[in-house]
Amino acid sequence: MTFFDLVQTSPADRDVRTGHEGPAGRPLLGHHFADALPELSLPWTAAEAPAPQLLALNEDLAGDLGLDPTALRTSAGLGFLVGGNVPDEATPVAQGYAGHQFGGYSPRLGDGRALLLGELTDCDGHLRDLHLKGSGRTPFARGGDGLAAVGPMLREYVMCEAMHALGIPTTRALAVTATGVTVRREVPLPGAVLARVAASHLRVGSFQYARALEEPDHATLRRLADHAIARHYPTLAEIDDDASRHLALYRSVVTAQAGLIARWMLVGFVHGVMNTDNMTISGETIDYGPCAFLDVYDPVTVFSSIDADGRYAYGNQPTIAEWNLARLAEAMLPLLADEQDRAVEIAVEALGGFREQYAVAWSAGVRDKLGIPEASPEETEPLVEDLFTLISGQADHTQLFRALAHGARGDLAPARDQVLDVAGFDAWAQRWLALGPDGDLMDRDNPVYIPRNHLVEEALAAATAGDLTPFERLGEVLARPFEERAGLERYAEPAPDSFGRYTTFCGT
Ligand code: AMP
Ligand code: MG
């Protein structure tokens with residue numbers, strides 16, 4: 001029996017679940033993207049990993065994908081997770097895409113250090129990309145070495161799994177495997193490959209790349225749009241008229257992103273590098289480089305060392321998302337109407353939906369956070385605005401809402417402690433309490449545990465030095481973010497003052 005006979009659970013199960021099956025019950029690693037979009041696919045193989053060692057394996061996710069964790073832990077399994085041992089039928093590719101990075105356009109980015117191994121069918125019957133990051137240089141590498149270090153790959157693992165546990169759409173982490181290669185950064189670091197799972201890796205930048213091919217009738221762009229529909233919005237495939245179908249796709253992306261960014265804002269997530277190549281068509285959060293969660297609420301918060309102008313500051317994220325969606329519209333213009341002016345008119349109207357949908361999603365979310373889901377948006381708008389003015393630069397964003405839940409149950413002291421203007425807070429609290437907030441509902445909506453910057457750093461430093469215990473412990477805590485548990489107090493606390501101002505670096 002070979003590794004590939006072991007790696008998926010029984011073919012009978014898989015048949016029932018998906019209707020797909022590989023030869024002789026082997027895992028079916030599809031090549032749907034490579035087949036549909038050869039113009040965006042460069043067949044490539046992973047660099048050799050001389051001494052693979054598994055650092056983290058997401059057993060639940062493996063199970064969802066029909067992969068057997070025991071098989072993945074064998075040496076053949078590790079070979080699979082670093083891309084050296086792939087099924088015969090697979091066609092690993094580096095994906096081509098373009099992108100606006102900090103507002104400047106790069107026509108050719110692409111997977112410089114990543115590979116799409118192929119697509120697996122999950123237990124719900126959905127195709128999921130299996131993708132490697134840190135798997136060696138590709139023709140898109142430009143000056144890069146194609147590698148990734150253990151710390152940043154474990155960082156992506158912990159951050160995306162925390163987002164998933166918070167109920168926020170995201171790519172997932174299947175595994176991090178150390179490669180045995182030394183990566184040269186400011187200091188030599190151990191190298192690693194992250195095996196990532198996504199609804200797909202189609203990005204705004206994929207459309208920009210396809211658009212720039214300037215082919216007759218925009219053949220690749222059209223195929224890309226229909227591929228995106230098949231992967232993410234399959235009901236739209238029933239729309240016969242091409243322009244109407246592609247407009248519906250655009251509208252769906254606008255809706256998905258409006259919902260996603262509202263979720264980021266509600267939980268205090270700062271992505272840090274919202275370039276158009278880092279924005280998905282599926283509406284999943286992707287590319288966890290310099291991201292971090294707010295501690296003190298402040299709209300101007302920036303963590304990334306390279307974001308000197310604050311373009312991707314916490315409070316700018318909705319505006320930037322809208323800007324990125326305008327770039328998507330530009331790329332899709334030829335699909336929307338034959339005449340450019342008409343296409344622009346259609347796109348502007350569709351993009352106009354973003355602000356409204358974002359506002360609706362955010363308002364509903366913030367009413368949930370305040371335990372008043374039934375209150376009218378008009379009634380709550382001034383209340384919410386006044387709260388954020390009161391707490392700005394003072395209160396810990398995560399702790400505040402858990403403290404307010406105590407307030408809803410009669411004890412305002414913990415929330416009062418978070419602000420300087422106590423009289424102002426008390427006046428605000430009376431207006432809020434008059435709406436009858438439900439504290440238990442608030443506890444179900446507001447996390448106790450988020451990946452606090454000092455805890456993430458502590459876990460990654462230990463892991464880089466060879467001790468995975470703090471990383472594993474942190475992962476366990478973050479897997480149940482809403483459930484306050486005795487003994488985990490330090491995971492709910494903000495960073496000590498000695499931690500200082502937090503700066504993140506791109507994971508390169
Ligand atoms: P990111 O900021 O991680 O989204 O990456 C932006 C672009 O730089 C993508 O095209 C990446 O593939 C590429 N890139 C980042 N780091 C490296 C690296 N070490 N080697 C090669 N390409 C890289
Ligand atoms: Mg990226």
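Residues numbered from 1 in each chain as written. Chains lettered and ligands numbered in written order. Predicted model: local features only at pLDDT ≥ 70, side-chain atom pairs only at ≥ 80, totals over all residues. Heavy atoms only, no water.

Draft legend 1. The packing of aromatic side chains, seen in detail. Taken as a whole, this structure holds 14 aromatic pairs when the rule is applied. An angle of 65 degrees between the planes, with centres 5.7 Å apart, marks the rings of Tyr 157 and Phe 471 as edge-to-face. In this pair, Tyr 157 is assigned in helix α7 (residues 150–165) and Phe 471 in helix α20 (residues 469–478), connecting sequence segments 314 residues apart. The exposure class of Tyr 157 is buried, given its relative accessible area of 10%. Through a chain of ring-to-ring contacts, the aromatic side chains of Tyr 297, Tyr 314, Trp 362, Phe 388 and Phe 401 assemble into a single cluster. (Phe/Tyr/Trp six-rings, centres within 6.5 Å; stacked < 30°, edge-to-face > 60°. Helix = DSSP H or I, 4+ residues; strand = E, 2+ residues; numbered from the N terminus. Buried < 20%, exposed > 50% of the residue type's maximum accessible area, 1.4 Å probe, protein only.)

Draft legend 2. Structural view of the domain arrangement of the chain. We note that the domain assignment places domain 1 (3–201), domain 2 (205–363) and domain 3 (371–508) within the chain. For domain 1 versus domain 2, the distance between C-alpha centres works out to 24 Å. Counting from both sides, the interface comprises 41 residues of domain 1 and, opposite them, 41 residues of domain 2. For the domain 1 and domain 2 pair, buried surface summed over both sides reaches about 3300 Å², with 59% attributable to carbon and sulfur atoms. The interface formed by domain 1 and domain 2 holds 20 residue pairs in polar contact (both at pLDDT 80 or more) in total. Among the secondary structure elements, those contributing two or more residues to the side of domain 1 that touches domain 2 are α3 (32–36), β4 (99–101), β7 (127–133), α7 and β9 (188–198). By residue number, the principal contributor to the side of domain 1 that touches domain 2 is α7, which donates five residues. For the side of domain 1 that touches domain 2, the residue count by class is 21 nonpolar, eleven polar and nine charged. (Domains from an automatic or database assignment. Contact = heavy atoms within 4.5 Å. Buried area = accessible area lost by both parts, 1.4 Å probe. Polar contact = N/O pair within 3.5 Å; in protein donor to acceptor, adjacent residues only side chain to side chain. Nonpolar A, V, L, I, M, F, W, Y, C, P; charged D, E, K, R; others polar.)

Draft legend 3. View of the pairing of β7. The buried fraction of β7 is high, at six of seven residues. When strand β6 (residues 114–121) meets β7, the two strands line up antiparallel, connected through seven bridges. When the sheet's bridge partners are listed, Gly 118 is paired in β7 with Leu 130. Linking two consecutive strands that pair antiparallel, namely β6 and β7, is a turn of five residues; a positive phi of about 85 degrees is found at Gly 125 within it. Where β7 and β9 come together, five bridges link them in antiparallel fashion. Note on β9: the bridge partner recorded for Leu 132 is Ala 195. (Pairing = 2+ DSSP bridges.)

Draft legend 4. View of the coordination of the magnesium ion (ligand 2). Of the protein atoms, only Asn 278 (OD1) and Asp 287 (OD) coordinate the magnesium ion (ligand 2), at distances of 1.9 to 2.2 Å. Classification of Asp 287 by relative accessible area gives buried; the value is 12%. (Donors = N, O, S within 2.8 Å, 3.2 Å for Na, K, Ca; no water.)

Draft legend 5. Broad picture of the environment of Val 158. Tracing the chain through its elements places Val 158 in helix α7. Taking the C-alpha atoms as reference points, Val 158 and Ala 459, 301 residues apart in sequence, are found 9.8 Å from one another.

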